[in-house]
Amino acid sequence: MPQTDKPQATRGILLDIEGTTSSVSFVYDVMFPYVRKHLSAYLRQNWAEDHLAPVLEQIAKDAGADSWRDWTAQDSSPEARQAKVEAEINRLMDSDIKATGLKTLQGMIWKSGFDSGELVADLFPDVPPALARWKADGLDIRIYSSGSIAAQKLFFSHTHQGDLLPYFTGHYDTTIGSKKEATSFRRIAEDFALPPAEILFVSDLIPELDAAREAGMDTRLSNRPGNHPLESENGHTAITSFDQISTG
């Protein structure tokens, strides 16, 4: 099978999820619709629960308000406030905005689906053996996704290939910074305790790869079936399978 050389002295691998380990269609055709279907009921059932309060506060701040109180000052009832949250969450998903509050709430709703077995993560077939191979080679494998850390852990612990969570030693989401900013990748490299040049980042999005490269990381452009068509690789080596990342 075709292979590209692993960069010299690579000791860490940082992976995106959507379009890299799992298809874009699984996220948009299965996971997002699950949130839309269960959003209203989840809000009603958990409205008075302590764990929801900080998420609502973050949603309000993501919407540009100073606080939840300010954002809902004109809403006179719990039902009106719930409807406002529901409308905002659907707006964010319609626009594919990677807001922290949205991603946290999505993870909470997905948990019930994964726990019940209604949701099972669907990975590209080359992913599980690659994770096993890299782990055996002593590489430090971590995830950086716009989805919340809690959602990432649910995803990889409930796959058709079983619980793959033990392969990963770290997870990062938007709380560490935007995936389009080099500063975020520098922070991740510090957490790896590795020089950026020893970390390989794999993603399907050019702006994310550009930011990682600016931070000093090596990159691979994931060109999976169903991904958005590429007008340019912008200097990033494209791969169609993790089999093309050599660990030898």
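Numbering of residues starts from 1 in every chain and runs along the sequence as written. Confidence filtering applies because this is a predicted model: local features only for residues at pLDDT of at least 70, side-chain atom pairs given and counted only at 80 or more, and all residues used for totals across whole chains, interfaces and linings. Side-chain descriptors were evaluated using all non-hydrogen atoms of the structure, hydrogens and water having been removed beforehand.

Draft legend 1. Broad picture of the overall build of the protein. The helix and strand labels rest on DSSP assignments: H or I over at least four residues marks a helix, E over at least two residues marks a strand, and numbering proceeds from the N terminus. The helix and strand inventory of the protein stands at nine helices and six strands. Over its C-alpha trace the protein gives a radius of gyration of 19 Å, about what one expects of a compact globule, namely 18 Å for 248 residues. The principal-axis extent of the C-alpha atoms belonging to the protein is close to 60 × 35 × 35 Å. The centroid of the 24 positive side-chain charges in the protein is displaced by 2 Å from the centroid of its 36 negative side-chain charges. Note on method: radius of gyration uses C-alpha positions; expected globular size equals 2.2 Å times residues raised to 0.38. When charges are counted, Lys and Arg contribute as positive and Asp and Glu as negative, whereas His and the chain ends are disregarded. Note on charges: their place is set at NZ of Lys, CZ of Arg, CG of Asp or CD of Glu.

Draft legend 2. Focus on the pattern of salt bridges. Just to be clear on terms, a salt bridge is a Lys or Arg side-chain nitrogen sitting within 4 Å of an Asp or Glu carboxyl oxygen. Counting across every chain of the model gives 14 salt bridges. Between Asp96 and Lys98 there is a salt bridge, with its nearest N and O atoms 3.1 Å apart. Each residue gets one of three labels from its accessible area relative to the maximum for its type: buried under 20%, exposed over 50%, partly exposed in between, using a 1.4 Å probe on protein chains only. Owing to a relative accessible area of 34%, Lys98 belongs among the partly exposed residues under this scheme. Arg213 is paired through a salt bridge with Asp210; the nearest N and O atoms lie 3.2 Å apart. Of the two residues, Arg213 and Asp210 both sit in helix H9 (residues 206-214), three residues apart, roughly one turn of that helix. Arg213 gets classed as partly exposed once you look at its relative accessible area, which sits at 35%. Each of the salt bridges in this network shares a partner with another, and the network as a whole consists of Asp16, Lys179 and Glu208.

Draft legend 3. Seen up close, the pairing of strand E1 (residues 12-15). Going residue by residue along E1, you find Gly12 and Leu14 tucked away on one face and Ile13 and Leu15 tucked away on the opposite face as well. Of the pairings in the sheet, the one linking E1 to strand E2 (residues 140-144) comprises four bridges and is parallel in character. Bridge assignment links Leu15 to a residue of E2, and that residue is Ile143. Pairing between two strands requires that DSSP report at least two bridges joining them. Across four bridges, the pairing between E1 and strand E4 (residues 199-203) is parallel.

Draft legend 4. Geometry of the sheet that holds E1. Reading across the sheet, the six strands line up as E3-E2-E1-E4-E5-E6 and stay open at both edges, with parallel pairing between neighbours. A strand with exactly one partner marks an edge of an open sheet, and here the two such strands are strand E3 (170-172) and strand E6 (237-239). Ignoring which end each strand starts from, the neighbouring axes of this sheet average 25 degrees apart. The sheet contact formed by strand E5 (residues 218-222) and E6 spans three bridges and is parallel. Each residue of the ladder has a partner; that of Leu221, found in E6, is Ala238. Contacts are residue-level and defined by heavy atoms, with any inter-residue pair within 4.5 Å sufficient. Axes, fitted as lines to C-alpha atoms, cover a helix only where it is in contact. Angles between the N-to-C directions of the axes lie from 0 to 180 degrees. Contacting E4 and E5, H9 crosses the sheet at an angle of about 170 degrees to E5.

Draft legend 5. Focus on the packing of helix H2 (residues 53-62) against helix H5 (residues 100-116). H5 packs onto H2 with a crossing angle of 145 degrees between their chain directions and a minimal axis gap of 7 Å. Like other packed secondary-structure pairs, H2 and H5 cross with a definite hand, here left-handed. Within the contact between the two elements, H2 uses Val55, Gln58, Ile59 and Asp62 and H5 uses Thr100, Gly101, Leu102, Thr104, Leu105 and Met108. All amino acids are sorted into three groups, where Ala, Val, Leu, Ile, Met, Phe, Trp, Tyr, Cys and Pro are nonpolar, Asp, Glu, Lys and Arg are charged, and the leftover types, Gly among them, are polar. Partitioned by chemical class, the residues of the contact of H2 with H5 number five nonpolar, four polar and one charged. Crossing handedness follows the turn of the near helix against the far one: under a right angle anticlockwise gives a left-handed crossing, and clockwise gives a right-handed one.

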